[in-house]
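As a plain string of letters, each chain reads:
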Amino acid sequence: MPTWLMQTQSFLIVALMIYGITQHKTRLKHVKIMSSAMIWDVILILQIELSRSAILKASKAMGNPMLLNIHVSIAVTTVLFYGLMVWSGRKLLAGDQKVYNRHKLLGRTTMVLRILTLATSFLAVAEPAA
Ligand code: HEM
């Protein structure tokens, strides 16, 4: 799978998520958009894995360029935050307003992490392998 196709998908996922946050007042629309973006992102990781044996490459962290290690660390943290977004989002949907600010803060952190994942992905593929 060509790099441009994965980068394009990654960019579209970030754009979809930003749009999804702007639609938070329409709760079900927000949930549908964010859930679709997170699922698409996991499918993108599987595409990268199948075409690049990315996990095998990532596991050789000691030999990898530093930028690749930074990219992989941020990307893995982002996916972990997806779990926190689903957990806090479901609580919100169930009426537990106490988690609103936590969901909002986690949500903004998740967006920053996802944008950093996109940015570092360009640097990681640009740096020649050691
Ligand atoms: C990457 C995933 C997600 C991100 C980044 C995200 C981000 C946000 C943000 C930033 C807000 C607050 C907006 C504001 O007040 O300015 C929000 C609200 C909300 N989110 Fe999410 N969210 C995500 C996923 C989800 C999921 C999976 C659910 C449900 C299962 C959910 C349910 C809600 C609900 C119910 C609100 C409150 C809407 C309102 O009353 O204004 N979110 N989200």
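Residues numbered from 1 in each chain as written. Predicted model: local features only at pLDDT ≥ 70, side-chain atom pairs only at ≥ 80, totals over all residues. Heavy atoms only, no water.

Asks: Please clarify how the pattern of salt bridges should be interpreted in this entry.
Replies: Any two side chains of opposite charge can pair, on the condition that their charged atoms come close. Per the stated rule, a full pass over the model turns up three salt bridges. As a salt-bridge pair, Asp 41 and Arg 114 come within 2.7 Å of each other at their nearest N and O atoms. Linking Asp 41 in helix α2 (residues 27-52) with Arg 114 in helix α5 (residues 100-126), this pair joins segments that are 73 residues apart in sequence. Looking at Asp 41, the relative accessible area reads 5%, which means it is buried. (Salt bridge = Lys/Arg side-chain N within 4 Å of Asp/Glu carboxyl O. Helix = DSSP H or I, 4+ residues; strand = E, 2+ residues; numbered from the N terminus. Buried < 20%, exposed > 50% of the residue type's maximum accessible area, 1.4 Å probe, protein only.)

Asks: Can you help me understand the site of the ligand in this one?
Replies: Residues in close proximity to the ligand total 18 residues, the closest being His 24, Arg 27, His 30, Tyr 100 and His 103. Take Arg 27: an N or O atom from its side chain is 3.0 Å from an oxygen atom of the ligand. For the ligand, an oxygen atom lies 2.4 Å from a polar atom in the side chain of Tyr 100. Of all the elements in the fold, those that place two or more residues in the shell around the ligand are α2, α4 (66-93) and α5. (Near = heavy atom within 4 Å. Polar contact = N/O pair within 3.5 Å; in protein donor to acceptor, adjacent residues only side chain to side chain.)

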